[in-house]
Number of protein chains: 2
Amino acid sequence: MADIYLALIHAPVYNKNMETVATSITNLDLHDIARCSTTYGLKRYFVVHPAEAQRLLAKRIMGFWQEGYGADYNPDRQEAFSRVKIAMNLNEVYAEIEAEQGVTPVKVATDARKYANTVTYAQLRVDIETKEAPILLLFGTGWGLLKEDVEQMDQILEPIYGPTDYNHLSVRSAVAIILDRLRGH
Amino acid sequence: MADIYLALIHAPVYNKNMETVATSITNLDLHDIARCSTTYGLKRYFVVHPAEAQRLLAKRIMGFWQEGYGADYNPDRQEAFSRVKIAMNLNEVYAEIEAEQGVTPVKVATDARKYANTVTYAQLRVDIETKEAPILLLFGTGWGLLKEDVEQMDQILEPIYGPTDYNHLSVRSAVAIILDRLRGH
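Residues numbered from 1 in each chain as written. Chains lettered and ligands numbered in written order. Predicted model: local features only at pLDDT ≥ 70, side-chain atom pairs only at ≥ 80, totals over all residues. Heavy atoms only, no water.

Trainee: Got a sec to walk through the pattern of salt bridges? Specific residues and values, please.
Mentor: Using the criterion set out here, one finds 18 salt bridges over all chains in the structure. A salt bridge links Arg 181 of chain A to Asp 180 of chain B, with the nearest nitrogen and oxygen atoms 2.6 Å apart. Here Arg 181 of chain A, found in helix α8 (residues 171–183), pairs with Asp 180 of chain B, found in helix α8 (residues 171–183), and the two come from separate chains. Relative accessible area serves as the criterion here: at 7%, Asp 180 of chain B is assigned to the buried category. Linking Glu 151 of chain B and Lys 147 of chain B is a salt bridge whose minimum nitrogen-to-oxygen distance equals 3.0 Å. With Glu 151 of chain B and Lys 147 of chain B both in helix α7 (residues 147–151), this residue pair falls four residues apart, about one helical turn. Each of Asp 29 and Arg 172 of chain A together with Asp 32 of chain B takes part in salt bridges that share partners, so that together they form one network. (Salt bridge = Lys/Arg side-chain N within 4 Å of Asp/Glu carboxyl O. Helix = DSSP H or I, 4+ residues; strand = E, 2+ residues; numbered from the N terminus. Buried < 20%, exposed > 50% of the residue type's maximum accessible area, 1.4 Å probe, protein only.)

Written out as structure tokens, the structure is:
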């Protein structure tokens, strides 16, 4: 059984015009994805932002729910945030996982775009259930991870589709659906 | 093939202490659930709130994305919001669906709590694919729909579980997962 890690990348990502930008950390990305990560038994949820002010903002938001009033008011939220870590960049994420696991994770990019060489949900689900190597799922904010970054990952998950051609989901919805496809009952 | 409708109920719902309250309409509930509804081919997404000021707020937010600047800036969002309707209460929702379909919908409650008589995702998925009667999925904000309201619906969907006991998902995440379980590829 593989441990699963998740990283939410705020930079570098695309904006709507396919320019490379940094997006802001948003309150509900912290909450919703922490709660999903806890529901689906993830080992850790990394929030990745290169700007120190943004990392401090995330820590302040989570601090409210982890200590004092917020923690008493809603212990479920405290539990969810206990697995969140803030990181400056992906190298810091890789180093943390390697320190915990002794090996580097299998890096799995997610993207709404189609890539030639994608892994299916069914295949990755079986890999998680039968292999030991930790898995790191990477999600981009904004209009997604840079093409060159996606292509250098070990695997690329197929895009999410329903019965329509429309696949403009929020990253929060995409995380929920992907974790359910990989680990839902 | 059944048409699917979704209603997000802001009142009456429970708060954390199981008191009956109204919650506020939030921007990301509009966006995320409209985008999910479009991805999974739903017929309509009703946002239900008894307070006129709240309904006007929702209309103002959506108006930005449906006309003028927002519509030009992001046509995907315009498309998503084209299927959203604001309603005062469930009777208004039922009447709208009956006017469109000529029959009342099968009302399916969703809840994180366990009820004795629940329908599985697999069963409801087959019903949608093989029957004609429209389906209305009901989601509560806050800490969920009132027990007495859930119990008077035609069916109750089983709660969402991953491999853990934790099932404190946001309503946004729950909608994404449930639509994917019912209509995902």
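Picking up after the structure, the text goes on.
Trainee: Residue-level account of the sheet that holds strand β8 (residues 155–156) of chain A, with values.
Mentor: Residues and elements named next belong to chain A. Strand order in this open sheet of six strands is β5-β4-β1-β7-β6-β8, and the pairing throughout is parallel. This sheet does not close on itself; its edge strands, each paired only once, are β5 (84–87) and β8. In the sheet, strand β6 (residues 106–109) pairs with β8 via two bridges, with the strands oriented parallel. Along β8, the bridge assignment pairs Val 108 with Gln 155. The strands touched by helix α5 (residues 90–101) within the sheet are β1 (4–9), β4 (44–48), β5, β6 and β7 (135–140), with β4 carrying the most contacts at an inclination of about 160 degrees. Sitting on the sheet, α8 touches β1 and β7, and the angle it makes with β7 is about 155 degrees. (Pairing = 2+ DSSP bridges. Contact = heavy atoms within 4.5 Å. Axes fitted to C-alpha atoms, helices over the stretch in contact; angles between N-to-C directions.)

Just distances and angles here, no functional claims.
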